[in-house]
Amino acid sequence: MTRRSPAGFDEVQPGPGWEALPLPALVLDSKGRVAAMNNAAEIWLNMSRNSTLGRVLEGDEMGTRLRIQPSLAPLIGRVIAGDEALYHPGIRFEIGDRAGGHQDRRAAVHASPAGDVGGAVTLLLVPQDETGLHNQTRAVRTAARSAIGMAEMLAHEIKNPLAGIRGAAQLIGMNASPDDREMAEMIVSESKRIVSLLEQVERFGDTSAPNLRAINVHDILEKVRRSAAVGFAKKTGIVAEYDPSLPDALADGDQLTQVCLNLVKNAAQALKDTDQPMIRLRSFYDHALRLPPDDADPTGRPLPLQIEIEDNGPGLPPAIADQIFEPFVSGRENGTGLGLALVSKIITDHGALIRVDSRPGRTVFRISLPKA
C-alpha cells in the first residue's frame, strides 16, 4: 500500500511482517528515493527512518552519510527493465562521515520488483561480514589456545637450562682471553634476550580470569595517547575522536590498557616511513554488533562499545594478513609475533572481539566490548 507523503513522494507501507524481518530491507520508488525501511535497516545502516525517507539512496543528500560501491543503479535498472529478481554479492556500504569516522560493511543485495508499486524495487540486504566475523573470531580463539600451549612447553623446556648456559658463560668469561671473553659476553647477552622473550611467552600461560569491572574507555585511551605522545609516537600525529555519551564498559582496566598500548605502538612502528603519519583513536556505539552465537548463547552476546585504532601506514603484508593474531607471525623484520597473539588472548578472555581491516593507507583494529 502507498500514500502520498508531505514531501511529495509515494511512501510505501508494507504489510505487518515487514518489521519482523531479521534482515535490513528497503523499498525504493521509481526515482530511487527511499519509500520504506524496516527497523533492521535503520540499525544496520545507522540511519533513522525520518531522516532517510524521501531521499535518493545514492544521491548527493545521502553522500555524507552513506556511500555504496559498486553502485546499485545498474542492478536496479535491470530489475525494473526485466521485472525479475536479481542478486549481487559483496556490495560495500560505507556508513558515516569520512572526516568524522565511518564504518565499512558488506552485504549481498537481493533486488526485486515491489509488488503492485510501479517502478519500485525492494532491496533485501544480507550482511556478509557476519561470516567473516565468525571466522576471524574462531581464528583468534584458536590462536590464543595455541599460544597458551606453547607458553607452558617453552617455560619448562627452555628457561631452566638457559639459566645454566648463562651461568657457565659468565664463569668462562672470568678467566678467558679478551677474544674469548667477548664471545662469552655475547652468550650471556643473547641468553638474557631469550629469557626476556620467554617472559613474554609465559604471559600466555596465565589462566586467571580478568578483573572485570565498570571502566570508562576514554580514560584508558587518554592514558595510552599521553604515553605515546611523549614516547614512541612523539613524531606521529595522534587524533582522538571520542563519543562522550558512551556508557562504561565491562573490562579489566590494566589489561585493556596493555592491549591499546600494544596496538598504538604497532601503529607507530608501521608509520616510520610514512609521510604525515597519523594515528586515530576512535570510540562509538554500534547497536547491531554481537558476539557470534554459540550453544551457550544462541542469540549472541551484545558488544555495543567500539574502540578503533587506525593508522595511515602501508597496511598489513597480504601474506600474513589472515594469520596476524597467530603467535610468532610478524610483519616486522625483528618482530617476535607475540604482541598481537597476547592481545587476542586478553580480548578473548574478556568475552569480547577484536578484528582488523587493512589496506594500503588505512589499517583499523577494532575492539568490541560489552556494557558494564
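## A short note on the pairing of strand β15 (residues 362-369)
Next up, step 1: A large share of β15 lies buried, amounting to eight of its eight residues.
Next up, step 2: Here β15 shows a buried face lined by Arg362, Val364, Arg366 and Ser368 and a second buried face lined by Thr363, Phe365, Ile367 and Leu369.
Next up, step 3: In terms of strand pairing, strand β13 (residues 305-311) meets β15 through seven bridges, oriented antiparallel. When the bridges of β15 are listed, Asp311 appears paired with Thr363.

## A few points about the packing of aromatic side chains
Next up, step 1: The full count for this structure, using the stated rule, is one aromatic pair.
Next up, step 2: With a centroid separation of 5.3 Å and 75 degrees between ring planes, the pair formed by Trp44 and Phe93 is classed as edge-to-face. In this pair, Trp44 sits in helix α1 (residues 39-45) while Phe93 sits in strand β6 (residues 86-95), placing the two residues 49 residues apart along the sequence. There is no split in this pair, since Trp44 and Phe93 are both buried.

## Brief notes about unusual backbone geometry
Next up, step 1: Cis rather than trans, the peptide bond between Gln69 and Pro70 has omega equal to -10 degrees.
Next up, step 2: Along the chain, Pro70 turns up in the loop between β5 (66-69) and α3 (73-82).
Next up, step 3: Residue Asn46 is not a glycine yet carries a positive backbone phi of 55 degrees.
Next up, step 4: Along the chain, the position of Asn46 falls in the loop between α1 and α2 (49-52).

## Observations regarding the sheet that holds strand β12 (residues 278-285)
Next up, step 1: The strand order across the open sheet built from five strands is β10-β12-β13-β15-β14, with neighbouring strands paired in mixed fashion. Of all strands in the sheet, those with a lone pairing partner are β10 (237-241) and β14 (353-359), marking the two edges. Here the average twist between neighbouring strands, direction ignored, is 15 degrees.
Next up, step 2: Where β10 meets β12, five bridges bridge the pair, whose relative direction is parallel. Pairing of Gly237 across the sheet is with Met278, part of β12.
Next up, step 3: Helix-sheet contacts for helix α7 (residues 217-230) involve β10, β12, β13 and β15, and the interaxial angle to β10 is about 170 degrees.

## Points about helix α9 (residues 339-349)
Next up, step 1: In terms of burial, α9 is a largely internal element, nine of the 11 residues being buried.
Next up, step 2: Looking only at α9, the buried set comprises Gly339, Leu340, Ala341, Leu342, Val343, Ser344, Lys345, Ile346 and Ile347.
Next up, step 3: With its phi angle positive at about 70 degrees, Gly351 sits one or two positions after the end of α9.

## A word on the environment of Val34
Next up, step 1: Its place among the elements puts Val34 in strand β4 (residues 34-37).
Next up, step 2: For Val34, a relative accessible area of 0% corresponds to the buried category.
Next up, step 3: For the pair Val34 and Leu53, spaced 19 residues apart in sequence, the C-alpha separation works out to 5.0 Å.

## Quick look at the environment of Pro277
Next up, step 1: As for its position among the elements, Pro277 is in the loop between α8 (253-270) and β12.
Next up, step 2: Judged by relative accessible area, Pro277 falls into the buried class, the value being 18%.
Next up, step 3: Sequence-distant contacts of Pro277, that is, excluding residues within four places in its chain, are made with Lys235, Thr236, Gly237, Leu271 and Asn312.

## Some remarks on the packing of α7 against α8
Two packed helices can be described by the angle between their axes and the distance between those axes.
Next up, step 1: Their axes nearest at 9 Å, the elements α7 and α8 cross at an angle of 45 degrees. The pairing of α7 with α8 is recorded here as oblique in orientation. For the pair α7 and α8, the crossing hand works out as right-handed. Of the residues in α8, those in contact with Ile220, Leu221, Lys223, Val224, Ser227 and Ala228 of α7 are Gly253, Leu256, Thr257, Cys260, Leu261 and Val264.
Next up, step 2: Here the residues of the contact of α7 with α8 sort into eight nonpolar, three polar and one charged.

Definitions and limits used
- Residues numbered from 1 in each chain as written.
- Predicted model: local features only at pLDDT ≥ 70, side-chain atom pairs only at ≥ 80, totals over all residues.
- Heavy atoms only, no water.
- Buried < 20%, exposed > 50% of the residue type's maximum accessible area, 1.4 Å probe, protein only.
- Helix = DSSP H or I, 4+ residues; strand = E, 2+ residues; numbered from the N terminus.
- Pairing = 2+ DSSP bridges.
- Phe/Tyr/Trp six-rings, centres within 6.5 Å; stacked < 30°, edge-to-face > 60°.
- Axes fitted to C-alpha atoms, helices over the stretch in contact; angles between N-to-C directions.
- Contact = heavy atoms within 4.5 Å.
- Parallel < 35°, antiparallel > 145°, perpendicular 65-115°, else oblique.
- Left-handed = near helix turned anticlockwise from the far one by under 90°.
- Nonpolar A, V, L, I, M, F, W, Y, C, P; charged D, E, K, R; others polar.

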